Amino acid sequence: MKPFTYERATSPAGAAAAVARTPGAKFIAGGTNLLDLMKLQIEAPTHLIDVNGLSLDRIEPTPEGGLRIGALVRNTDLAADARIRRDYGVLARALLAGASGQLRNKATTAGNLLQRTRCPYFYDTNMPCNKRQPGSGCAAIGGITRQLAVIGVSEACIATNPSDMAVAMRVLDAVVETVRPDGSTRRIPIEEFHRLPGETPHIETALEPGELITAVTLPPPVGGTQIYRKVRDRASYAFALVSVGAIVQRDGTARVALGGVAHKPWRVEAAEAEIPRGAKAAAEAMLADARPTHDNAFKIPLVERTLGAVLAEARG
Amino acid sequence: MRNPDLAATRRDLMIGTAASAAAVAAPCAAGAQTATTTGPAKAAGAAAMSKVSFTVNGEARTLELDTRTSLLDALREHLQLTGTKKGCDHGQCGACTAMVNGRRINTCLTLAVMHEGDSITTVEGLGSPDNLHPMQAAFVRHDGYQCGYCTPGQICSSVAVLEEIKAGIPSHVTADLTAVPQATAEEIRERMSGNICRCGAYSNIIDAITEVAGRPA
């Protein structure tokens, strides 16, 4: 690990300003992803600003009837919150499907949204990777791609977003609240938060340099049967090959987002009109522009079958 | 007869080797320092030190550490609490599991300096050879290990798992999210998935934990 200096932040705006004005500075919260990457020198910040002392660890009702989740709420606490379990089951389920108990105790809501891809070529520093070293090329394309993206890919990158939580946040229409280095705040809809790789796969979110997530808000509960189904190579503690987050209403209408298939949680609102016609029609509409590789083409039928299982479970 | 001079352990030998390497390097560093009049310039890439105070197994400890030091390395290398093990050092195996403020975490994936004021419990704090924690005794009784390297992490994790179930925290396999979870074998298996045992002692580990949970295996 490269040496770094360390300070504890005393205010969200102060932390944002400090990261913006200090070259090589990064925020650290749970640290479960950042420290892993620092040990591999994939991340090499020269200054860390510890935001754990900021009081951003509460879950509060919003005036609109939703919930405001502080950026530092740990994944365990979010999944265990009675309101989340009762009204936002897809979120509790997605969180519990991710990582291990030890990691969920540390990992934060904001950090989960910012975790980096687990593409093996991003992790292998002997390989070119446009995400790790912009302009160096993509060793994944033409490489071993079984885990990688099938849609929204570019010539520069075919990595996936690894988060389960983000898939649920997408289906729930969550909004990311931030503070910028100048102290101003803004609200970023989750659909605009994560980016597709395009020519700049190293730019993964809509955040500006130094911009700090302070909370994620959920709109009022929408009811329905809420399901998160994750398909993976082992029953626990593995990243998704494919996952489906869904909220299915009694009249057969539904919202659906996919994990494990793209550089961001994959939701196509226009395709949701097909859901009452069945999983095949809906999956085809969601993945119409898919460009799978030989190794990961299995994800296309796997999405259809997983969605079929979710819709069947929702019908009861 | 055994020569006491040769009774050095492997650990002493490693520490001794590291110390002599540091001694060789030291004169160069001192020379560079005296060459400046305004104090040691902070060379790019130089280690940064930071002070941290926390409680480990009930005892207050203060350390001056390279900021890069993980909590795991602080426990093992600076406090000589070598019960907590380093396996993968990347949060994948769980050998480094200990409790911080009552919650289990991977001590390899957290910086020691981030734990100012925290209360840390390692396997040494759970019990001692002549006064075993019930979970330690159950692992012995059920042969919940072979080589033993993952065992401190397994034991810290399992003590925390039963607390998490008692606290009503759901898991991936909890059928009804609004119901109180039970310490079934299925629940324990899921909740222990962050602790890998390469010897494959899993079935005996489940037996040990279910016994402590007060349920038949």
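Cut-offs applied
Residues numbered from 1 in each chain as written. Chains lettered and ligands numbered in written order. Predicted model: local features only at pLDDT ≥ 70, side-chain atom pairs only at ≥ 80, totals over all residues. Heavy atoms only, no water. Helix = DSSP H or I, 4+ residues; strand = E, 2+ residues; numbered from the N terminus. Buried < 20%, exposed > 50% of the residue type's maximum accessible area, 1.4 Å probe, protein only. Contact = heavy atoms within 4.5 Å. Core = buried A, V, L, I, M, F, W, Y, C linked by side-chain atoms within 4.5 Å. Expected span 1.5 Å × (residues − 1). Arc of directions from axis to C-beta. Lys, Arg positive; Asp, Glu negative; His and termini not counted. Salt bridge = Lys/Arg side-chain N within 4 Å of Asp/Glu carboxyl O. Polar contact = N/O pair within 3.5 Å; in protein donor to acceptor, adjacent residues only side chain to side chain. Buried area = accessible area lost by both parts, 1.4 Å probe.

Caption draft 1: Main features of the overall build of chain B. When helices and strands are counted, chain B shows seven helices and five strands. Along the chain direction, N to C, the helices and strands of chain B fall in the order α-β-β-α-β-β-β-α-α-α-α-α. The buried share of chain B, taken over its 217 residues, is 43%. The contacts in chain B between residues at least 6 apart in sequence include a share of 53% that link residues at least 24 apart.

Caption draft 2: Just the nonpolar core, in detail. Residue and element names in this part refer to chain A. Among the nonpolar cores identified, the biggest contains 52 residues, and I69, L78, I84, L91, L113, M169 and L218 are the most heavily contacted of them. Contact partners of L218, with chain neighbours within four places excluded, come to G66, L67, I69, I84, Y88, L91, M169, L172 and A174. Core analysis: the next-biggest nonpolar cluster, separate from the first, contains 27 residues, L241, V256, W266 and L287 among them.

Caption draft 3: Spotlight on helix α12 (residues 299-315) of chain A. All names here are of chain A. For α12, built from 17 residues, the straight-helix expectation of 24 Å at 1.5 Å per residue is met to within 8% by its first-to-last C-alpha distance of 24 Å. Within α12 the residues assigned to the buried category are K299, L302, V303, T306, L307, V310, L311 and A314. For α12, the angular spread of buried residues about the axis comes to 165°, placing them on one side. Facing away from the buried surface of α12 by more than 90 degrees, the exposed residues are R305 and R315. On its buried face, α12 sits against β9 (225-231), β10 (242-248), β11 (254-259) and α11 (279-286). Looking at the residues trailing α12, positive phi occurs at G316, about 85°.

Caption draft 4: Local environment of the side chain of A:R85. With respect to the secondary-structure elements, A:R85 resides in helix α4 (residues 82-87). The charged side chain of A:R85 is buried without a salt bridge, its nearest counter-charge being B:D176 at 7.4 Å. A distance of 3.2 Å separates a polar side-chain atom of A:R85 from the backbone oxygen of B:G168. What A:R85 contacts, discounting residues up to four positions off in sequence, is A:A79, A:A80, A:A92, B:G168, B:P170, B:L177, B:T178 and B:A179.

Caption draft 5: Layout of the interface of chain A and chain B. Contacts between the two partners involve 41 residues from chain A and, on the opposite side, 44 residues from chain B. Around 3300 Å² of area is buried between chain A and chain B when both sides are counted, 54% of it from carbon and sulfur atoms. Three residues stand out in chain A for area buried against chain B, namely A:R85, A:R93 and A:Q102, and they jointly supply 21% of the buried area on that side. Applying the counting criterion to the chain A and chain B interface returns two salt bridges. Note that A:K39 is salt-bridged to B:D89, the shortest N-O span being 2.9 Å. The interface formed by chain A and chain B includes 23 residue pairs in polar contact (both at pLDDT 80 or more).

Caption draft 6: Representation of α11(A) in the model. The complete set of buried residues in α11(A) reads A:A279, A:A281, A:A282, A:A283 and A:M286. Packing partners of the buried residues in α11(A) comprise β11 and α12 of chain A.

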